[in-house]
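# Structural characterization, general
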Amino acid sequence: MTERYFAVLAAVVLVTSLAGAAVGATDGSSGSETVDDWRADVPDVHDVEEPDGDGTATLESDGEDREFASLQAAVDAAEPGDRILLEGRFDERVTVDTPNLTIEAVERDAAVIDGGGEDTVVEIAADGTTLEGVWIRNSGLEKNDDDSGVLVNGSNTTLSELRLTEIAFGIWIGDTDGVVVEESLIAGREDVPTVQRGNGIHLWEASDAELRNNAITTVRDGIYYQWAEGVHAEGNAMWEMRYGVHYMYSNDNHLEDNTAFDNDVGFALMVSTGLTLEDNVAVNNDGTSGHGILLKDVEDSEIVGNEVVGNGNGLYVYNAQDNRLVNNLVLENDVGVHVTAGSTNAVVAGNSFVANGEAAFAETTSQAHWNGTDRGNYWADARTTDLDDDGVGEIRYQPAGTVERLVHERPGAAAFAESPAFDAVRMAESSFPVVESPGIIDHRPLAEPPHDEWRTYYEDHDH
């Protein structure tokens, strides 16, 4: 052991009697139940019948209807503002270069466009295009060529109720403004290794896009931001991939009410500023990296009201500065919050840390002080004393200190993590403090969890 460990253990003599008298707070776990089989209520993206018959594209223009056997022929004949109705199967690749054109299936999935396994299936090169209700499939596999179900290079495009299957990239959105993608289903190829797949929705230098209520699976990353700004993503579900959401060099974006589960990482926020991650759900993201929410080189961002459940690390904070992590439920992760690489100036308050294998871990040689004057967080394994009944404890709590570091460095010590001796060490760090050891200090721990709904993860595994 290091000298620090010996110094802390020496303090045990001073507090053992108090430790024996203290009442331990329950973590509220549900016995042998876990959240391992929790699954969001998502659609079956492959539950669709093949449209009957050869394709018919009906061009509605100036009060006159004309039928074409080729969608490209109908597009070429169209004028701005025209509408094309689709039914049946089209074996072709299409470029839309007529602005303000509407292309829609007579009903959802009543028309399929099959790209034959080459290139991009539908390229939108004109502004103001609407594409609705169409099943688009079988693009090429060349990620370097951005082979996609739909490639968007026209601003103010609306993609609605699409089904995209057997694609490299689902939807690639280029240097455009105001693109909307809503109510669509995207699935890559299961027979392609994850690292060789494209992304579900890829935004490259796009701005002010709206991504709403889409279901994305079996791709590399669900929604990938690359120099994209002002994007609002809400109500999307992403599962069985590498990263549900992946930000790179993308500032001032908003994520709200999205669900990422059964991925390697739920939400990966990297090298960006001004992000808002609000009321999202990250569950059972426990692959090689295994983070519910990852903040890496992220600044001035809000991580508020999210439910982070059953991941490897619930919150992983790496070289992140000046962020707010507030009012999140952090439940049954291997580690509730892992702080490393010089992350500083965070506001961490109002979170509920319940039933985590390890509530917090900090790779630091100093102390991170949270909540000197405001309310703190609820720690299920803390012995919180609330003498004035205001919901806030009078005695600070150190959720990441000597014991946590010792167990992290020497896993064999985990067998003693709940022993009276280790409890006494924790009390020595928190209550007096007799010893100022490196780690995380919560000066105002909460007496009760702000989140009551955490129990629903045990009551009903189908969210």
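Residues numbered from 1 in each chain as written. Predicted model: local features only at pLDDT ≥ 70, side-chain atom pairs only at ≥ 80, totals over all residues. Heavy atoms only, no water.

A separate point is the overall build of the chain. Of regular secondary structure, the chain possesses 5 helices and 41 strands. When burial is assessed residue by residue, the chain has 56% of its 463 residues classed as buried. Contacts in the chain between residues at least 24 apart in sequence constitute 53% of all its contacts with a sequence separation of at least 6. Surface summary for the chain: the accessible area is close to 18,600 Å², and the carbon and sulfur share equals 44%. (Helix = DSSP H or I, 4+ residues; strand = E, 2+ residues; numbered from the N terminus. Buried < 20%, exposed > 50% of the residue type's maximum accessible area, 1.4 Å probe, protein only. Contact = heavy atoms within 4.5 Å. Areas by Shrake-Rupley, 256 points an atom, 1.4 Å probe, with all protein chains shown as cover.)

With that out of the way, let us pick up the nonpolar core. Core analysis: the largest hydrophobic core is formed by 79 residues, its most contacted members being Ile84, Leu86, Val150, Leu203 and Tyr225. Residues Ala237, Tyr378, Ala380 and Trp454 belong to the second largest nonpolar core, which totals 25 residues. (Core = buried A, V, L, I, M, F, W, Y, C linked by side-chain atoms within 4.5 Å.)

Here we take up the pattern of salt bridges. Enumeration according to the criterion identifies 15 salt bridges in this entry. A salt bridge links Glu240 to Arg39; its shortest N-O distance comes to 4.0 Å. Residue Glu240 is located in the loop between β21 (237-239) and β22 (243-248), and its partner Arg39 is located in the loop between α1 (3-21) and β1 (56-61); the two are separated by 201 residues in the primary sequence. When its relative accessible area of 41% is taken as the criterion, Glu240 is described as partly exposed. Measuring nitrogen to oxygen at the nearest pair gives 2.9 Å for the salt bridge that ties Glu50 to Arg137. (Salt bridge = Lys/Arg side-chain N within 4 Å of Asp/Glu carboxyl O.)

On the surface, a cluster of nonpolar side chains totalling about 370 Å² of accessible area is made up of Trp204, Trp227, Tyr249 and Val271. Judged by relative accessible area, Trp204 falls into the partly exposed class, the value being 30%. (Patch = residues over 30% accessible without salt bridge, like charges linked within 9 Å, V, L, I, M, F, W, Y side chains within 5 Å.)

Moving on: unusual backbone geometry. Unlike most non-glycine residues, Glu166 shows phi in positive territory, near 55 degrees. Mapped onto the elements of the fold, Glu166 is located in strand β12 (residues 163-167). Residue classification places Glu166 among the partly exposed positions, given a relative accessible area of 37%. Positioned with a positive phi, Asn319 is a non-glycine residue whose angle comes to about 45 degrees. Inspection of the secondary structure assignment puts Asn319 in the loop between β31 (313-318) and β32 (324-326).

With parallel pairing, 12 strands are arranged side by side in an open sheet as β4-β7-β10-β13-β16-β19-β22-β25-β28-β31-β34-β37. Each of the sheet's edge strands pairs with one partner strand only, and the pair in question is β4 (94-96) and β37 (358-362). Across this sheet, the average inter-strand angle for adjacent strands is 10 degrees, counted without regard to direction. Where strand β19 (residues 221-226) and β22 come together, 5 bridges link them in parallel fashion. Bridge pairing in β22 links Asp221 to Tyr243. (Pairing = 2+ DSSP bridges. Axes fitted to C-alpha atoms, helices over the stretch in contact; angles between N-to-C directions.)

By the secondary structure assignment, Asp109 is in the loop between β5 (102-105) and β6 (111-114). For Asp109, a relative accessible area of 13% corresponds to the buried category. Those residues in contact with Asp109 that lie beyond four places of it in its chain are Val48, Glu49, Pro51, Gly133, Trp135 and Arg163.

With that settled, consider the environment of Glu33. One can find Glu33 in the loop between α1 and β1. Among all residues touching Glu33, those that are not within four sequence positions of it are Glu332 and Tyr458.

The next point concerns the pairing of strand β15 (residues 185-188). Of the two faces of β15, the one carrying Leu185 and Ala187 and the one carrying Ile186 and Gly188 are both buried. Bridge analysis of β12 against β15 gives 4 bridges, and the strand direction is parallel. Looking at the pairing, Ile167 lines up with Gly188 of β15. Both β15 and strand β18 (residues 215-217) contribute to a ladder of 3 bridges, which runs parallel. Within β18, the position partnered with Ala187 by the bridge is Thr217.

Positionally, Ala57 belongs in strand β1. Ala57 sits 17 residues away from Ala74 along the chain, and the two C-alpha atoms are 6.5 Å apart. Residue contacts for Ala57: discarding those within four places in its chain leaves Arg66, Glu67, Phe68, Ser70, Leu71, Ala74, Ile84, Leu85, Leu86 and Phe90.

Our focus in this paragraph is the packing of aromatic side chains. Applying the stated rule across the entire model yields 9 aromatic pairs. When the ring of Trp38 is compared with that of Tyr457, the centres are 5.7 Å apart and the planes differ by 40 degrees; the resulting orientation is tilted. With Trp38 in the loop between α1 and β1 and Tyr457 in helix α5 (residues 456-459), this pair connects stretches of sequence that are 419 residues apart. With respect to burial, Trp38 and Tyr457 carry one shared label: buried. Relative to Trp379, the ring of Phe353 has its centre 4.1 Å away and its plane inclined at 5 degrees; by these criteria the two rings are stacked. (Phe/Tyr/Trp six-rings, centres within 6.5 Å; stacked < 30°, edge-to-face > 60°.)

Topologically, Pro449 is positioned in the loop between β41 (439-442) and α5. Expressed as a C-alpha distance, the spacing of Pro449 and Trp379, which sit 70 residues apart in the sequence, is 7.9 Å.

A few words now on the confidence of the model for the chain. Confidence in the prediction for the chain averages 88 pLDDT; 84% of positions are at 70 or higher. Contacts from residues 1-30, a stretch scored under 50 in pLDDT, to residues over four places away or in other chains number 50 contacts. (pLDDT = per-residue confidence, 0-100.)

We now examine the pairing of strand β34 (residues 335-340). The buried fraction of β34 is high, at 6 of 6 residues. The pairing of β31 with β34 spans 5 bridges and is classified as parallel. Bridge pairing links Tyr318 to Thr340 in β34. When β34 meets β37, the two strands line up parallel, connected through 4 bridges. Counterpart to Val339 in the pairing with β37 is Ala362.

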